[in-house]
Structures are given as structure tokens and as C-alpha cells.
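Report on the structure
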2 protein chains.
Amino acid sequence: MRRITVVEDDNFMREELQYRLEQAGYEVSVVTDFSKTVEEIQAQTPELVLLDLNLPGKNGYAVCRELKSKSSITVLVLTSRDQLKDELQALEIGADEFLTKPCHGERLLARIRNLEKRIDQQQNRLEGGGLSLDRQTDTLYVGEEVVRLTEQEATILEQLLLHPGSLVNKQQLFQALWGTEEYIDENALQVAMTRLRKTLTKLSVESRIVTVRGRGYQIEW
Amino acid sequence: MRRITVVEDDNFMREELQYRLEQAGYEVSVVTDFSKTVEEIQAQTPELVLLDLNLPGKNGYAVCRELKSKSSITVLVLTSRDQLKDELQALEIGADEFLTKPCHGERLLARIRNLEKRIDQQQNRLEGGGLSLDRQTDTLYVGEEVVRLTEQEATILEQLLLHPGSLVNKQQLFQALWGTEEYIDENALQVAMTRLRKTLTKLSVESRIVTVRGRGYQIEW
DNA sequence: AGAACACTTACAGTTCTTGTAAGGTTTCTT
DNA sequence: AAGAAACCTTACAAGAACTGTAAGTGTTCT
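This is a predicted model, so every value here is computed, not measured.

The next point concerns the interface of chain A and chain B. Across the contact, 31 residues belong to chain A and 31 residues belong to chain B. Linking chain A with chain B are eight salt bridges, by the criterion used here. Of all the elements in the fold, those that place two or more residues in the side of chain A that touches chain B are α4 (84-92), β5 (97-100), α5 (105-122), β8 (139-142) and β9 (145-148) of chain A. Considering every element that reaches the side of chain A that touches chain B, the biggest residue donor is α5(A), with 11 residues. Partitioned by chemical class, the residues of the side of chain A that touches chain B number 10 nonpolar, eight polar and 13 charged.

Spelled out as C-alpha cells, the structure:
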């Protein structure tokens, strides 16, 4: 594992954590503007988030819930409130681990190492809109269903999921599919899109691939 | 999830756990002969094991380590020794979760529910001899490498991994491959074995598919 | 040595995947 | 409203992948 994002408003605590984690070999980033916590985290694309529950202004639970709904980032909740209620609620809304502060450094590292197992399994999984795409096997997971996509389908869906809700222009798709932006057979791309859309429809996926006329495509949900 | 095996020598504690878990909808089995703990667990093929550390005679750590080396069963270690050292060591040797007794029922259930995420991801994964086969996607994981097998290859390997180190007779393989034990084209099976062996060799797998003359095949490592 | 069993290679039918072509539909502009 | 541009859909065919069959070779047992 590489990147961990620490979400902690107490300066002393945050620096302490950062130091320990970096000593242990992790690449640590921190959140500075707590009004945009989720955005900052997503921009840093960490594999793990250390989340303090009592943030200034924002509710820690809400951050966790939002992160989990928008991504599959692994979340370790840290709090000084040593209450069973907090632990239950944190796990309930999808946190992957819960520890109370002050926390022994070795315990924290052991738990993080334990979480890496889970993270490794999620690796190479692109998620969005209820879809989960494994590029290693070109397999698409939708709820209970599991479908093996063709390489072309997987390539396109990967590009779309890498930029959820925003435009993927045709050049990008040409590049991803055929390794060049020059060779332009618009039709080949159109056919590929039709095929992908058809297999998504079969799965009754609520996600929609929207055409942006003259520019490209984007996925929405 | 369905099955949980409880490994606990204290009668009162064990029955208490069993009751709570069954109330929560799990199918619970227990280990009776602690000299054959690992064998009993493996025979029950649970998705999760609740393991008490101080068992009569046997060392709990050893049980955990053996379980983890022989299978990918998820292990939750329970102990009354509330020592950081125990927690670190348990996690170190591969335990998936660590809790101290007496443990609040709701906390235990919340942690179990949390483990189910991990279990779900491991589901449909057959392991053995450094191989990991995902039958949902017919993908074989060997160390860093990832290979998509053909359905035939995956079917055979599945049968072999289901009975590691012991014989899989031809009838079983005919059944798995073509749905009948009657239709016997020995040669078709032989060709299929050759193909599987070839793809395993490409991956420089140390596992060996051994022919048992006149009866079938078995995998060893 | 012969028989039984197993292994390997090559070939062919089938299916899957993908590029191409052709025609239809939608959207934009004037 | 008409024409053009962009996009969608369907069908066809070449190539690759998968699997069963056949034939010949190698190995093991008696």
C-alpha cells in the first residue's frame, strides 16, 4: 500500500500520526479545508483514510457515509469518544475499522496492516453507480450479478468510470482502444459503444452512457 | 453468511456465544475434541471461526496459524487476556479480527458483520499450493500473476483443489465437465488435462497434477 | 512382449470478438 | 422545413479462442 489520507483537526495529533505513518513507509497526505473534506480525499485517491469523528463543523459520520457511497475507499475511524454506541454506528455506516484515541502506535499499525488485506482485494476495482469493474479479469460486478466483459467493453467502461460524471472525449477512447488518437474510424467507436450499452442494458443497470455530441461520452447515474 | 464454528472450551461461554449467534441468524457448530481442532473446523467448512486463545492442551495461536496456512477461512480471535501483545501477535499471524472477553454482544455482532465484507470477497475463491482460483470469473491468481482460464481448465482445477492431495476420480471429472459419468471419452479428458498442465507450466507453478493410473488425478504441492 | 493406459499433437467445427459497411435516426443550422 | 452533420443500429465476415475428435507415441503393468 502507499497512500493514506489523515483527516484530523487537532494539529498535534495529526502531525504525530503523519510522522508515525511515514516512518512505517506510507505516503501520507492530510486534509486542510474541512469544509471540502470529501472532495480533498477523493482528489488524493488514497487507499486508506484515517478519519477523526469530531471535525470542526462537519459531521464525521456524514463524511464516512458519503465516502462509502461515492467510492470504495477503505475507512478507519478514529475517535476519542470511547463509546460502544460510536463503534456500532461507525461500523454500521460502513467504516472498515474503529479505534479509540489515544491509540497505541503499534496497535494502529497492526490494524492498518490488517486492513491492507481487504484493500488488496479491492485493488484494480473501479467503482461507480453500483458498478464494479475488475480490469484484471475484465469482470463487471452489478449487485449479485457477475459478467465477463470483452476487452473492448472493459476498456471503454474503464475510461468512463475513471471520469465519473464528466466528459471522456473521443481521443481518449481512441487512445485507450487502439493506442492512437490519429486513426479515426468514428464508426468503430460507435459500434463499440452500442455493444457496451447493450450488455449494460441486459444487466438492467441504472447507469447511463450519455453522448456528448461532437466531443465524446460520459457516464452518469 | 451462514456457518460459524465456535472454538471455546468454557461451557458456559460457548453456549452463550452459540445462543447469541443463532439468535442473529447464523448456523453455529462447535468443536468438541480440542486435540483435533483444525480437522473438526475444516470438516465443518464454516465461513468464520470464533477462536478462543487458551484452549486445553493446544495453543490457540498454532490453531490459527495452521488454519490460515491450510485455508482461507476467516478467523476472529477471542481472548480474556487483554494484552496488547496478544492482539498484535494474533493479527500478525493472520487473524482477521481480535476481541477481548467479556465482549458486548452487539460489538461482537457488529464486528462479525464487518468481517462478512471480507468473507464475501473471498467467496468463490478456491486456494491451495499458492494457487487461488476464482470460479466466478475463471481466473487463476498465482503470486503476482493473473490468468484467465478457459472454462474447461477452471472446471478441472476446481475439482482438484476441492480435494487437495487426494484422488479425484475420472467419474467426478466427467460429471463436472460434461454433466454425466456415462459418456466416457477418456481421450477428451486426457487432452483437457494436457492443456491445463501446459497453462500451469507457463506460470511456473510448483503444483503438480499427478496421474493415478486407472483411477484419476490429484494435485500436490 | 503384449496389453492397457496415458500423453501429445494436429485438425476441424463452433463460438466469441472485433472491424467494416450500409442504412436509418437524431440533432443542429440556416 | 430542408439539408447536413453527428450518431445509432444491424448485418456480415475475418480472425482468434475453445473444445472435441482422431491418430500416433510413450509409459507402465503383468
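In the superposition of chain A on chain B (RMSD 0.4 Å, axial shift 0.0 Å), the rotation amounts to 180°. Put plainly, the chains are arranged around a two-fold axis. Minimal C-alpha separation from the rotation axis in chain A is found for R118(A), amounting to 3.1 Å. Looking at chain A, 100% of its interface residues are interface residues in chain B too, so the copies touch through the same face.

Our next topic: the pairing of strand β7 (residues 131-134) of chain A. All names here are of chain A. Taking every second residue as pointing to the same face, both faces of β7 are buried, with L131 and L133 on one and S132 and D134 on the other. In terms of strand pairing, strand β6 (residues 125-128) meets β7 through four bridges, oriented antiparallel. Among the inter-strand pairings, R125 is bridged to a residue of β7, identified as D134. Pairing geometry for β7 and β8, over four bridges, is antiparallel. Paired with S132 across the strands is Y141, a residue of β8. What sits between β7 and β8 in their antiparallel hairpin is a turn of four residues, with D138 showing a positive phi close to 50°.

Residue and element names in this part refer to chain B. Note on placement: T211 falls in strand β11 (residues 208-212). The partly exposed category is assigned to T211, whose relative accessible area is 45%. In the structure, T211 is positioned 111 residues away from T100 in sequence and 48 Å away in space, judged by C-alpha atoms. Setting aside residues no more than four positions away along its own chain, T211 makes contact with R197, G216 and Y217.

Let us look at the protein's contact with DNA strand C. As a structural note, the neighbourhood of DNA strand C is formed by 24 residues, with Q152(A), W178(A), R195(A), T211(B) and G214(B) the closest of them. Atoms of DNA strand C within 4 Å of the protein belong to the sugar or the phosphate in 54% of instances, the rest to bases. Between DNA strand C and R195(A), the relevant distance is 2.5 Å, taken from a base oxygen to a side-chain nitrogen or oxygen of the residue. Interatomic distance of 3.4 Å between a side-chain N/O atom of T194(B) and a phosphate oxygen of DNA strand C. Where the surface near DNA strand C is concerned, the elements lending two or more residues are α6 (151-162) and α8 (186-202) of chain A together with α8 (186-202) of chain B.

Our focus in this paragraph is the sheet that holds strand β4 (residues 74-79) of chain B. All names here are of chain B. Taken in spatial order, the five strands of this open sheet run β2-β1-β3-β4-β5, and their pairing is parallel. Either end of the sheet is taken by a strand with one partner, and the two such strands are β2 (27-30) and β5 (97-100). Between one strand and the next, the sheet's axes are offset by a mean angle of 20°, whatever the strand orientation. Across the sheet, helix α1 (residues 11-23) is in contact with β1 (3-7), β2, β3 (48-52) and β4; its angle to β2 comes to roughly 160°.

Here we take up the side chain of Q159(A). Relative to the helices and strands, Q159(A) is located in helix α6. Excluding anything up to four places from it in sequence, Q159(A) contacts V168(A), Q172(A), L173(A) and A176(A).

Residue and element names in this part refer to chain B. Its 17 residues place the ends of α8 25 Å apart at the C-alpha level, agreeing with the 24 Å of an ideal helix rising 1.5 Å per residue. Among the residues of α8, L189, A192, M193, L196, T199 and L200 are the ones counted as buried. Summarising the axial view, the buried residues of α8 lie within an arc of 130°, below the 170-degree limit, and thus occupy one face. Opposite its buried face, α8 presents the exposed residues K198, T201 and K202, each directed more than 90 degrees away. At its buried positions, α8 is contacted by β8 (139-142), α6 (151-162), α7 (170-178), β11 and β12 (216-220). Capping the start of α8 is the job of one residue whose side-chain oxygen sits 3.0 Å from the backbone nitrogen of N187: D185.

This brings us to the sheet that holds β11(B). Residue and element names in this part refer to chain B. With respect to topology, three strands assemble into an open sheet ordered β10-β12-β11, the strand pairing being antiparallel. Edge positions in the sheet fall to β10 (168-169) and β11, since each of these pairs with one other strand and no more. In this fold α6 packs onto β10, β11 and β12, with an angle of close to 70° to the strand it touches most, β12.

Below, the discussion takes up helix α1 (residues 11-23) of chain A. All names here are of chain A. Across its 13 residues, α1 extends 18 Å between first and last C-alpha, which sits within 8% of the 18 Å expected from 1.5 Å per residue. Considered for burial, the residues of α1 that qualify are R14, L17 and L21. Down the axis of α1, the buried side of the element spans an arc of 65°, and every buried residue falls inside it. Relative to its buried face, α1 has exposed residues pointing more than 90 degrees away, namely F12, Y19 and Q23. Tucked inside the fold, the buried residues of α1 contact β1 (3-7), β2 (27-30), β3 (48-52), β4 (74-79) and α5. For α1, the N-terminal capping position is held by D10, with its side-chain oxygen 3.1 Å away from the main-chain nitrogen of F12. Just past α1, the residue G25 takes up positive phi, approximately 100°.

With that settled, the discussion passes to the packing of helix α7 (residues 170-178) of chain A against α8(A). All names here are of chain A. At a minimum axis distance of 11 Å, the contact between α7 and α8 shows a crossing angle of 80°. Between α7 and α8, the interaxial angle falls into the category roughly perpendicular. Of the residues in α8, those in contact with K170, L173, F174, L177 and W178 of α7 are E186, A188 and L189. Looking at the contact of α7 with α8 residue by residue, the class counts come to six nonpolar, no polar and two charged.

Reading guide: rules and limits
Note on numbering: residues in each chain are counted from 1, in written sequence order. All chains are assigned letters beginning with A, and all ligands numbers beginning with 1, in the order in which they are written. Local features in a predicted model are, by the rule used here, given only for residues with pLDDT of at least 70; side-chain atom pairs are given and counted only at 80 or more, and totals for whole chains, interfaces and linings are based on all residues. Based on all heavy atoms of the structure, the side-chain values leave hydrogens and waters out of the count. Residues count as neighbours in contact if any of their non-hydrogen atoms are within 4.5 Å of one another. For salt bridges, the criterion is a side-chain nitrogen of Lys or Arg within 4 Å of an Asp or Glu carboxyl oxygen. Where helices and strands are cited, they refer to DSSP runs of H or I of at least four residues and of E of at least two residues respectively, numbered from the N terminus. Residue classes follow a fixed rule: Ala, Val, Leu, Ile, Met, Phe, Trp, Tyr, Cys and Pro count as nonpolar, while Asp, Glu, Lys and Arg count as charged, and any other residue, Gly among them, counts as polar. We superpose the copies by least squares over the C-alpha atoms of residues that have a pLDDT of at least 70 in both of them. A 1.4 Å probe rolled over the protein chains alone gives each residue an accessible area, and that area as a share of the maximum for its type sets the label: buried under 20%, exposed over 50%, partly exposed in between. When DSSP finds at least two bridges between two strands, those strands are taken to pair. Each residue is tested against the molecule or strand, and it is near if at least one of its non-hydrogen atoms lies within 4 Å. Between N or O atoms, a polar contact is any pair within 3.5 Å; within protein, one atom must be a potential hydrogen donor and the other a potential acceptor, and residues adjacent in sequence are included only when both atoms are from side chains. In this analysis, axes come from line fits to C-alpha atoms, helices being fitted only over the stretch in contact, and the angle between any two N-to-C directions falls in the range 0 to 180 degrees. Each residue after the first adds 1.5 Å to the expected span of a helix. Here the arc refers to the directions that run from the helix axis out to each C-beta atom. Roughly parallel covers angles under 35 degrees, roughly antiparallel covers those over 145, roughly perpendicular covers 65 to 115, and oblique covers all other angles.

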